[in-house]
Every structure is written in structure tokens, then in C-alpha cells.
Amino acid sequence: FFFNDTATTEIYTRSIVGSVRCVQETGSVVVTINGQLLGGSISFFQSICVLGYCLCPLTIAAILVKIFLAWMHVFFHFIISLAGFAWATYSSYGFISEMVQPDRKALAVYPLCLFYLFLSLFIILQQHFKKMQHLNTKIL
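Predicted, not measured: the structure shown is a model, and the values here were computed from it.

Calculation rules
Numbering of residues starts from 1 in every chain and runs along the sequence as written. Owing to the predicted nature of the model, reporting of local features is limited to residues with pLDDT of at least 70; listing and counting of side-chain atom pairs is limited to 80 or more, with chain, interface and lining totals taken over all residues. Where side-chain values are given, they derive from all heavy atoms of the structure, hydrogens and water being excluded. Only DSSP runs of H or I with at least four residues qualify as helices, and only runs of E with at least two residues qualify as strands; both kinds are numbered from the N terminus onward. Whether two residues are in contact is decided by their heavy atoms: any pair within 4.5 Å suffices. Calculation of accessible area relied on Shrake-Rupley with a 1.4 Å probe; when residues are assessed, cover is drawn exclusively from the protein chains displayed. Orientation is described by lines fitted to C-alpha atoms, with helices fitted over the stretch in contact, and by angles between N-to-C directions that extend from 0 to 180 degrees. Any angle between 65 and 115 degrees counts as roughly perpendicular, while under 35 counts as roughly parallel, over 145 as roughly antiparallel, and the rest as oblique. Note on residue classes: Ala, Val, Leu, Ile, Met, Phe, Trp, Tyr, Cys and Pro are nonpolar, Asp, Glu, Lys and Arg are charged, and everything else, Gly too, is polar. Any pair of Phe, Tyr and Trp rings, taking the six-membered ring for Trp, is counted once the centres come within 6.5 Å. Such a pair is stacked with planes under 30 degrees apart, edge-to-face with planes over 60 apart, and tilted for the rest. Here's how the labels work: a residue is buried when its accessible area is under 20% of the maximum for its type, exposed when over 50%, partly exposed in between, all with a 1.4 Å probe on protein chains only.

A. Highlighting the overall build of the protein chain. In terms of helices and strands, the protein chain carries five helices and zero strands. Counting helices and strands in the order they occur from the N terminus, the protein chain gives α-α-α-α-α. Long-range contacts, defined as pairs at least 24 residues apart, comprise 73% of the intrachain contacts of the protein chain with a sequence gap of at least 6. Here the protein chain has roughly 9,100 Å² of accessible surface; of this, 73% comes from carbon and sulfur atoms.

As C-alpha cells, this is what we get:
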């Protein structure tokens, strides 16, 4: 059974896209249900849509990390992902703070921060694991 680099890369890319989509949908559902359990006044689908739009900064960070993978040190990738995390969290904070009562904001924002932090770390690690895998195939 012979796999060429193109087929392996396509399978790898599809699995990454599927994983990110699954994490995004699951995280959005968990954050939305948490907000509603805390007494939120927003509909389920409206919340998922707004959280999806708030992922735009992380998407921009992922694109920048992908573009500059070969040229920059991992520290700069970390800074780009951290900026995307901060931007996404800040843009979601206004939405979450309006959704729940003022004394429950921290309970609603905490899972949101974990959600965006996981996606930010996924951006960094996915790119560097792919780079390491590519280097290992060149050595072998």
C-alpha cells in the first residue's frame, strides 16, 4: 500500500479541519448552555452564531501563523496566538456580560476563556507538529 506525500497531507488536513470544527461546535454549545443555566436571556442559536463570529481573531491568528511558520520563531507564533486569544475574549466579553447577571459574569466568562485558550494552543501546536512531521520525513 503506497501513500504519496499529497495523499498523506490531504488526509492530515481533513482530520485537522474536522477536529477544529468539532471542538468549535462542542465548545460553543457548552458555553451557550452554561450561559443559559446562569440565567442568560439570549436564544441558543443566537449565542452560537455570536460565538462563531468571535472566532474571527483566532482564524486570523491561525492564518498568520501558517504564513510565517518557516520565518518566525515559536515565540512569535505564541505572541500572535495570544493576541488572537485576547481579541476573541474581549469581543466575546461584551456579549457574555449582557447575557448574564452582573454577579455571574465570572462564571460565564471562565469557560469562554478556556474555550478560546484551547483553540489558541491548538493553533500553535498543530503548526509545529506538522513542521516536525515534515522534518522527520526528510530525515528518514
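B. Representation of the packing of helix 2 (residues 44–53) against helix 4 (residues 74–99) in the model. Direction vectors running N to C along helix 2 and helix 4 enclose 160°, while the axes themselves pass 10 Å from each other. The angle between helix 2 and helix 4 places the two elements in the roughly antiparallel class. Contact with helix 2, carried on its side by Ser47, Val50 and Leu51, involves Ser92, Phe95 and Met99 of helix 4 and no other residues of that element. Classifying every residue of the contact of helix 2 with helix 4 by side-chain character gives four nonpolar, two polar and no charged.

C. Just the packing of helix 3 (residues 56–67) against helix 4, in detail. Direction vectors running N to C along helix 3 and helix 4 enclose 170°, while the axes themselves pass 8 Å from each other. Between helix 3 and helix 4, the angle falls in the class roughly antiparallel. Between helix 3 and helix 4, the contacting residues are Pro57, Leu58, Ile60, Ala61, Leu64 and Val65 on the first element and His77, Ile80, Ser81, Gly84, Phe85, Trp87 and Ala88 on the second. Class assignment for the residues of the contact of helix 3 with helix 4 results in 10 nonpolar, three polar and no charged.

D. Inspection of the packing of aromatic side chains at higher detail. Enumeration according to the criterion identifies three aromatic pairs in this entry. Where phenylalanine 75 meets phenylalanine 76, the ring centres are 5.8 Å apart and the plane angle is 70°; that geometry is what we call edge-to-face. Under the relative-accessibility criterion, phenylalanine 76 is labelled partly exposed at 44%. The interplanar angle of 35° and the centroid separation of 5.3 Å between the aromatic rings of phenylalanine 115 and tyrosine 116 together place this pair among those described as tilted.

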